Amino acid sequence: TVHSIFQKPKEVVNTLIPKTQTSEKEVDPMSLPAIPIQATGTWKSLADNSNLTFELGPVSTRTEGKFTQFEVALTFDEASNPTTIDVTIDATSLTTFNSMRDESVLSDDFIKSTKHPKAHYTSSSIRKEGENYFAKGVLDFVGQKIDTEIEFRFVSSTKKDGKSVLVFVGKSVIDRTKHDMKSDPKIGDLV
């Protein structure tokens with residue numbers, strides 16, 4: 001990753017992915033080996049160990065960013081099958097590591113963060129295919145409720161402060177034009 005003098009370095013997240021699975025080279029998190037899960041009830045995200053990032057645009061001019069404040073709740077049934085995933089995002093916590101660009105993205109030209117300070121995803125169903133799970137649900141973002149699918153997999157189970165912790169990675173593709181943002185061929189529409 002190349003950082004210009006105008007770009008603040010990305011914040012580091014204390015990942016709970018085992019060190020043997022990480023490297024200096026950027027790795028597609030969905031390529032990490034999946035593990036079976038033994039869990040029941042509702043599990044909530046640990047803010048210091050969680051990361052919600054995004055990228056937009058062609059590789060040569062890609063914009064990357066993250067939301068720094070969000071919560072995830074994942075519920076399992078008695079057979080350890082995930083049954084619901086619920087994500088709440090503080091839209092005002094968006095950063096692209098460039099304050100001028102952030103001001104523009106948070107404005108009424110894009111995510112309208114003063115009118116829509118929260119984004120929310122709620123699944124309606126989760127199915128398993130191979131090692132991955134696919135959650136179907138609705139993403140309420142910038143005042144638009146759009147059917148959205150999230151693909152995820154479990155990659156680790158560990159202990160932190162004496163408590164069991166599940167580590168999962170996931171991804172989704174969102175068409176920003178469906179969330180009340182104008183199309184822009186230079187930067188692309190798929191996030």
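Structure shown above.
The notes below deal with the structure included here. Note that the structure is predicted; figures quoted are calculated from it, not measured.

Cut-off values and rules
Residues numbered from 1 in each chain as written. Predicted model: local features only at pLDDT ≥ 70, side-chain atom pairs only at ≥ 80, totals over all residues. Heavy atoms only, no water. Pairing = 2+ DSSP bridges. Helix = DSSP H or I, 4+ residues; strand = E, 2+ residues; numbered from the N terminus. Axes fitted to C-alpha atoms, helices over the stretch in contact; angles between N-to-C directions. Salt bridge = Lys/Arg side-chain N within 4 Å of Asp/Glu carboxyl O. Buried < 20%, exposed > 50% of the residue type's maximum accessible area, 1.4 Å probe, protein only.

## Observations concerning the sheet that holds strand β6 (residues 94–95)
If you walk across this open sheet you meet the three strands as β2-β3-β6, and the pairing is antiparallel. Each edge of the open sheet is held by one strand with a lone partner, namely β2 (52–56) and β6. Relative to strand β3 (residues 63–67), β2 runs antiparallel, the two being bridged by five bridges. Across the sheet, residue Thr53 finds its bridge partner in β3, namely Lys66.

## What to know about the sheet that holds strand β7 (residues 118–129)
Read across the sheet, seven strands follow the order β1-β4-β5-β7-β8-β9-β10 without closing on themselves; strand pairing throughout is antiparallel. The open sheet terminates on both sides in strands that have one partner only, identified here as β1 (41–44) and β10 (163–171). Across the sheet, the axes of successive neighbouring strands diverge by a mean angle of 25°, strand direction being ignored.

## Observations concerning the pairing of β7
For a regular strand, side-chain orientation follows a simple rule: the groups alternate between the two sheet faces. Two elements, strand β5 (residues 82–90) and β7, share five bridges in a ladder whose sense is antiparallel. The residue bridging Ile89 from the neighbouring strand is Ala119, located in β7. The sheet contact formed by β7 and strand β8 (residues 132–141) spans nine bridges and is antiparallel. The partner of Tyr121 across the bridge, within β8, is Leu139.

## Looking at the pattern of salt bridges
One pass over the structure, following the stated rule, counts seven salt bridges. As a salt-bridge pair, Glu129 and Arg127 come within 2.7 Å of each other at their nearest N and O atoms. Taking the relative accessible area as the measure of exposure, Glu129 reaches 41% and is therefore partly exposed. Classification of Arg127 by relative accessible area gives partly exposed; the value is 33%. Three or more residues are tied together by salt bridges with common partners; here these are Arg127, Glu129 and Glu149.

Note that all results are geometric; they support no functional claim without further evidence.
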